[in-house]
Amino acid sequence: MAKSSAPSAGAPSRDRIVAGAADLISRRGLKAASIREVAKHAKAPLGSTYHYFPEGKQQLATEAVRYAGAAVSGILRRQLDAGPVAGLRAFLALWRGIVVESDFRAGCPVLAVSVEEPPADETPPALAAAAEAFQDWERLLAETLRTHGADAERAPGLAALIVASVEGAIAMSRAKRSMEPLDRVAEQLEALIVGAVGGPA
């Protein structure tokens with residue numbers, strides 16, 4: 001996931017719109033991310049935005065969440081080859097970069113979609129995509145924890161704790177305009193991982 005506000009003007013128009021939507025949602029939440037605002041934020045023609053996303057805002061939001069989820073999963077997948085601590089550090093570094101470089105204005109678009117109230121008796125596709133993203137991150141973390149010696153039954157719970165702690169710390173850091181919450185959580189999570197795998201991992 002890009003750390004800058006919007007992708008370069010040379011990026012394919014559809015990709016630029018999706019990435020721009022993810023960034024806008026990470027800053028303002030889903031409700032404020034109208035098709036018009038996304039097009040403006042992504043520096044894309046409004047007509048092209050409607051052309052690529054004929055089903056409207058919910059289609060665009062769903063793709064933006066999938067884009068963000070897949071980008072994070074890709075980073076985790078690469079870094080977890082070196083062990084769960086390396087994966088944790090990469091996960092933290094990604095969010096640190098996004099929060100700091102945006103001057104605490106941007107966070108996680110997956111979390112942003114998750115905390116907004118859905119319509120009654122309905123699970124919007126963007127919310128379902130957010131759940132899938134969280135599940136994928138947890139699965140990747142749990143797999144590497146087990147591979148490096150963590151108890152098979154404990155690994156999924158620890159993976160969920162890692163994702164939930166980091167996501168909460170991102171929100172706290174933005175609110176406090178300080179990276180201290182993320183730093184404190186990082187220290188505790190790393191100690192938990194080392195303890196779970198029986199030594200440095």
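Since the model is a prediction, treat every value here as computed from it, not as a measurement.

K.L.:
I'm lost on the packing of helix α1 (residues 13–28) against helix α4 (residues 57–80) in this one. Help?
P.N.:
Two elements in contact, α1 and α4, have axes separated by 8 Å at closest approach and are oriented at 85°. Between α1 and α4, the interaxial angle falls into the category roughly perpendicular. Between α1 and α4, the contacting residues are R14, I17, V18, A19, A21, A22 and I25 on the first element and L60, A61, E63, A64 and Y67 on the second. Looking at the contact of α1 with α4 residue by residue, the class counts come to 10 nonpolar, no polar and 2 charged.

K.L.:
When you look at the side chain of T49 in this model, what are you seeing that I'm missing?
P.N.:
Along the chain, T49 falls in helix α3 (residues 46–52). Apart from residues no more than four positions distant in its own chain, T49 is found in contact with I17, I35, A39, A44 and L60.

K.L.:
Would you explain helix α5 (residues 84–101) in this entry?
P.N.:
In an α-helix, one turn spans 3.6 residues; hence positions three or four apart end up facing the same way. The end-to-end C-alpha distance of α5, which contains 18 residues, comes to 26 Å, matching closely the 26 Å that a straight helix rising 1.5 Å per residue would cover. Turning to α5, its buried residues are P84, V85, G87, L88, A90, F91, L92, L94, W95, G97, I98 and V99. Contacts made by the buried residues of α5 are with α4, α6 (109–114), α7 (125–147), α8 (155–176) and α9 (180–197). At the exit of α5 stands D103, carrying a positive phi of roughly 55°.

K.L.:
Got a minute to help me understand the packing of aromatic side chains in this structure?
P.N.:
With the rule as written, the count across this model stands at 4 aromatic pairs. Relative to W137, the ring of F91 has its centre 5.7 Å away and its plane inclined at 70°; by these criteria the two rings are edge-to-face. Placement of the pair is F91 in helix α5 and W137 in helix α7, with a sequence separation of 46 residues. The same class applies to F91 and to W137, which are both buried. Clustering of aromatic rings is evident, with ring pairs tying together F91, W95, F134 and W137.

Rules used in this analysis
Residues numbered from 1 in each chain as written. Predicted model: local features only at pLDDT ≥ 70, side-chain atom pairs only at ≥ 80, totals over all residues. Heavy atoms only, no water. Axes fitted to C-alpha atoms, helices over the stretch in contact; angles between N-to-C directions. Helix = DSSP H or I, 4+ residues; strand = E, 2+ residues; numbered from the N terminus. Parallel < 35°, antiparallel > 145°, perpendicular 65-115°, else oblique. Contact = heavy atoms within 4.5 Å. Nonpolar A, V, L, I, M, F, W, Y, C, P; charged D, E, K, R; others polar. Expected span 1.5 Å × (residues − 1). Buried < 20%, exposed > 50% of the residue type's maximum accessible area, 1.4 Å probe, protein only. Phe/Tyr/Trp six-rings, centres within 6.5 Å; stacked < 30°, edge-to-face > 60°.

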